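Results of the structural survey
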Amino acid sequence: MRHDFPLFDMLQVYRSPCSLFSGLNNAVSIPTLKNWERREMRKSRREPALCRGRVVRVPAGSLVRVVGTELVIPCNVSDYDGPSEQNFDWSFSASGSSFVELASTWEAGFPAQQYRERLQRGDILLRRTANDAVELHIKNVQHSDQGHYKCSTPSTDATVQGNYEDTVQVKVLSDALHVAASPQPSPGPSLREGEPFELRCSASTTSPLHTHLALQWEVRRGPARRSILSLTHEGRFRPGPGYEQRYRGGDDAWTLWGATVPPLRVPALSSDQGSYRCIVSEWIGEQGNWQEIQEKAVDVATVVIQPTVLRAAVARNVSVAEGKDLGLACNITTDRADDVRPEVTWSFSRTPDSLLPGSRVLARLDRDSLVHSSPRVALSHVDARSYHLLVRDVSKENAGYYFCHVALWTPGHNRTWHKVAEAVSAPAAVTVTWLEPDYQVYLNASKVPEFSDDLTELECGIVDVKNPEASVRFTVSWYYRVNRRNDDVVTSELLAVMNGDWTLKYGERSKQRAREGDFIFSKEHPDTFNFRIQRTTEEDRGNYYCVVSAWTKQRNNSWVKSKDVFSKPINIFWALEDSVLVVKARQPKPFFAAGNTFEMTCKVSSKNIKSPRYSVLITAEKPVGDLSSPNETKYIISLDQDSVVKLENWTDASRVDGVVLEKVQEDEFRYRMYQTQVSDAGLYRCVVTAWSPVRGSLWREAATSLSNPIEIDFQTSGPIFNASVHSDTPSVIRGDLIKLFCIITVEGAALDPDDMAFDVSWFAVHSFGLDKAPVLLSSLDRKGIVNTAQRDWKSSLSLERMSMLEFLLQVHGSEDQDFGNYYCSVTPWVKSPTGSWQKEAEIQSKPIFITVKMDVLNAFKYPLLIGIGLSTVIGLLSCLIGYCSSHWCCKKEVQETRRERRRLMSMEMD
């Protein structure tokens, strides 16, 4: 019986296995001995043993072998757990009744004479696989080896338990399997990708038993062999590793394998190259168990796949102007002239390596001649081997590398396609040139500061513009660089930058001052940019320059910077010199008497002060030798930089209009004091402050200077006043009246009492020393008006004039807090010959210490009387309570019980 198995016709049998095996009468399968042994061992474990002793096992049923093959019969002992090796004896019987010794593991003379020669040649041997298992190997099986084989093990047990031998039948068949390679049709073993090829293998068997044939195709590439596809003895197709996808794919050529006559043409792939081998095995089945009884192989053919030559070429360097169209041609060279279809893909990348990520596909022409392209890109088929790419309206973004990727496809069966070759062209470097605007930038300082706080204004202009385009706009960036006297490298600091969308961003140096309005960046004309510093400081001195950027509009309406032009720097600098302010005071009338007008002028000169304005303050100091207030400087009147006059510490209410301060010129001021008095004697000065304008209405203090002093000195021979304090009771008891007399004495020229008046004030220092500040108690002016200060304790004050030169202060209901040093302050007023009152210098008396004592008897009189009265009342009340308690509450009445007149005494007597 003969069967032909085309290599590419086998898969169809999987779909209709009866078509192949309907003519095979003798298909039987036997698995390999190792698989059979596992199933037998599992079966022996599942079956319950008839006895709990030793059991010898050989394969169940019968074994079938072909003449010339090797026979292997395993034998093992179950339920054996001895430490030593188990001995086995093998016997053979052709009929199954009388056995002849064949081989033994422990007795050398056990085999019969007819088998010793084969044993010596090694054709028959025993191979131990375990302590309780052994295999019988018979090489080159002959027909005489057909029969029954018995495996037994000698027993040394005292009691026989179990089965000590087992028998298996072996059948030997003649070699009836024939395998041969069928003649191969064209185109021969050497072919190209996509060309069909066909391999055939024929197999037949004349076995008298019902056997099955199995087929397997192998390919060898070098030392490695790979299984392609196999048809099992059960009629199932199994693809080899790596061929599952081609076998299962509905459009793949491998799904055509297994077709019957006429054979189908299948396109070859480059991976199909190698030496092909056909392996046929014969199987027999008995009681559901399959075993392989024979296997043969034959080399069919060696297939050589010639690679397809494919090259793609493009122009290497291309330059195109911005806004123009870019055209590239991809020329294909191949040695294929048959029915192949190209697939062309144009891609773009920023780098010359097309395999790196970031490349994108521009256009693609598939094998069905359908074009897939992106916007503003076209792909056309110029001729059979040329494909043209067109990119419209190129911009800078189109500069880069272009690749042409070509793939050749050949048609297969069931509308499938197979890629036979692919190639990628060398990159075409495309450079996009554009007509950038040509222009120059100048920087001009329209306002240059000469002092701090001056205005600085810089103007950055664009001139000599060439190649202007409507899609170009100009922006500016401002930079600052500090001046250095040495050659140190100084980095520039960004002040502000304007982007292509007209947004302005400030640098760290200018952010805060721009928010405050001190830095102003503006564009007053299309070709002019301005930078203004409202108040230039010393830190702003340095070099300034601007950078004008040209921006080009892109197709997506975005703006890309195309050019930067730097201006020459401008140095903003002024010398730092100290501000100088000089004030000179003079007295036009150096000699005058009391009651006349005092006049003083102050002349101001300044240097290194911008647009100064002056404020003037008139001060007065007591002359040297005056101990009434030696370190006191009195502020009289002031005039600020806006010519506003203000009275400072001028407290004489009767002479509010007696002082005048006025501006004669911008740098000259005049002070007048009318009806001068003796108390006005002292040193007078002008304190002048220079102010510079800041931001229009604001002013900054630039310098302050003090003039020379002008002294008012009255040369008079008038009276001399003295003051003293007297008290008849310097030590009093608390609650007593304290009387203090302030006595004024006059020395020198005698005055009419009507020409004198006094302002008297009383002060107290409530401490043993004079370390605390004095407290004003009461005052009486020359008009007789009394003012008394508020007090925090119960004692009260009264002040009265006893005579023209004597004043009395009384403290009523004195308290402990009234102790301390008391003194009076007197300001004399003398009427001048002109009839005006002149205030003399203030005089103070020496302090007198007043002590306030406590009256002990009076202090304890009332508490003592109250204590005696309370203790008397409490004693009488205690006596009364005790008497009542003893008389009414503690009295006990005792009632005598009546005694019975018996001889025995009552228990009460006991």
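Each value, and the rule that gives it
- Residues numbered from 1 in each chain as written.
- Predicted model: local features only at pLDDT ≥ 70, side-chain atom pairs only at ≥ 80, totals over all residues.
- Heavy atoms only, no water.
- UniProt positions renumbered as here; feature names shortened; annotations may be inferred.
- Helix = DSSP H or I, 4+ residues; strand = E, 2+ residues; numbered from the N terminus.
- Disulfide = S-S within 2.5 Å.
- Pairing = 2+ DSSP bridges.
- Axes fitted to C-alpha atoms, helices over the stretch in contact; angles between N-to-C directions.
- Salt bridge = Lys/Arg side-chain N within 4 Å of Asp/Glu carboxyl O.
- Patch = residues over 30% accessible without salt bridge, like charges linked within 9 Å, V, L, I, M, F, W, Y side chains within 5 Å.
- Areas by Shrake-Rupley, 256 points an atom, 1.4 Å probe, with all protein chains shown as cover.
- Buried < 20%, exposed > 50% of the residue type's maximum accessible area, 1.4 Å probe, protein only.
- Phe/Tyr/Trp six-rings, centres within 6.5 Å; stacked < 30°, edge-to-face > 60°.
- Lys NZ or Arg CZ within 6 Å of the ring centre and 35° of its normal.

Describing the UniProt feature "transmembrane region" (unreviewed entry) in the protein chain
Cross-referencing UniProt, the feature "transmembrane region" (unreviewed entry) maps to residues 862–883 in the present numbering. In residues 862–883, the share of helix is 100% and the share of strand is 0%. The end C-alpha atoms are 32 Å apart.

As for the state of the cysteines
Evaluated as defined, the whole model comprises 6 disulfides. Through a disulfide, Cys-75 is tied to Cys-151; the S-S separation comes to 2.0 Å. With the S-S dihedral at roughly -85°, the linkage between Cys-75 and Cys-151 falls on the left-handed side. With Cys-75 in strand β4 (residues 71–78) and Cys-151 in strand β9 (residues 147–152), the pair connects residues that are 76 residues apart, well separated along the chain. In this model, Cys-742 is linked to Cys-824 through a disulfide, with the two sulfur atoms separated by 2.2 Å. An S-S torsion of about 65° defines the bridge between Cys-742 and Cys-824 as right-handed. With Cys-742 in strand β55 (residues 738–747) and Cys-824 in strand β61 (residues 820–831), this pair connects stretches of sequence that are 82 residues apart. In the protein chain, the bonded cysteines, numbered by position in the sequence, are linked as 1-2, 3-4, 5-6, 7-8, 9-10, 11-12.

Points about the pairing of strand β26 (residues 360–365)
As paired strands, strand β25 (residues 341–349) and β26 are joined by 5 bridges and run antiparallel to one another. When the sheet's bridge partners are listed, Val-344 is paired in β26 with Leu-365. As paired elements, β26 and strand β27 (residues 371–373) share 3 bridges and run antiparallel to each other. For Leu-365, the partnering residue across the bridge sits in β27 and is Val-371. Counting the residues between successive antiparallel strands, the hairpin from β26 to β27 contains 5 residues, one of them, Ser-369, with a positive phi of roughly 65°.

Quick notes on the sheet that holds strand β39 (residues 528–533)
Spatially, the 4 strands line up as an open sheet ordered β33-β34-β39-β38, and their pairing is antiparallel. Both outer strands of the open sheet, β33 (438–447) and β38 (519–525), are each paired with one neighbouring strand and no more. Adjacent strand axes in the sheet meet at a mean angle of 20°, parallel and antiparallel pairs treated alike. Of the strand pairs in this sheet, β33 and strand β34 (residues 456–466) are connected by 8 bridges, and their pairing is antiparallel. Counted as the bridge partner of Tyr-442 is Gly-461 from β34.

Section: the pattern of salt bridges
Evaluation of the coordinates by the stated rule reveals 26 salt bridges. Between Asp-540 and Arg-513 there is a salt bridge, and its shortest N-O distance comes to 2.6 Å. Note that Asp-540 is positioned in the loop between β39 and β40 (542–553) and Arg-513 in helix α6 (residues 511–515), a separation of 27 residues in sequence. Glu-599 is the partner of Arg-672 in a salt bridge, and the nearest nitrogen-oxygen pair spans 3.5 Å. One end of the pair, Arg-672, is in strand β49 (residues 668–673); the other, Glu-599, is in strand β44 (residues 598–607), and 73 residues separate them in sequence. Salt bridges sharing partners connect three or more residues here, namely Glu-117, Arg-121 and Asp-123.

Here's the deal with the sheet that holds β55
What the 4 strands build is an open sheet, ordered β53-β55-β60-β59; its pairing is antiparallel. Each of the sheet's edge strands pairs with one partner strand only, and the pair in question is β53 (720–726) and β59 (796–803). Strand-to-strand, the axes of this sheet are offset by a mean angle of 20°, without reference to chain direction.

So, a nonpolar patch on the surface
Where nonpolar side chains cluster on the molecular surface, the patch consists of Tyr-862, Ile-866, Leu-870 and Ile-874 and spans about 450 Å² of accessible area. Looking at the secondary structure, you find Ile-866 in helix α7 (residues 856–889). Classification of Ile-866 by relative accessible area gives exposed; the value is 53%.

Side note on the packing of aromatic side chains
In total, this model carries 18 aromatic pairs according to the counting rule given. Between Phe-819 and Phe-849, the aromatic rings sit 6.3 Å apart at their centres with planes inclined by 70°, giving edge-to-face as the arrangement. With a gap of 30 residues between them, Phe-819 in the loop between β60 (806–812) and β61 and Phe-849 in strand β64 (residues 848–853) connect regions that are remote in the sequence. For Phe-819, a relative accessible area of 22% translates into the label partly exposed. Owing to a relative accessible area of 27%, Phe-849 belongs among the partly exposed residues under this scheme. Ring-pair connections join several aromatic residues into one group, and the members of that group are Trp-478, Tyr-480, Tyr-506, Phe-519, Phe-521, Phe-531 and Tyr-544. Between the NZ or CZ atom of Arg-473 and the centre of the ring of Trp-559, over which it lies, the distance is 4.0 Å. Against the face of Trp-829 rests Arg-782, its NZ or CZ located 4.1 Å from the ring centre.

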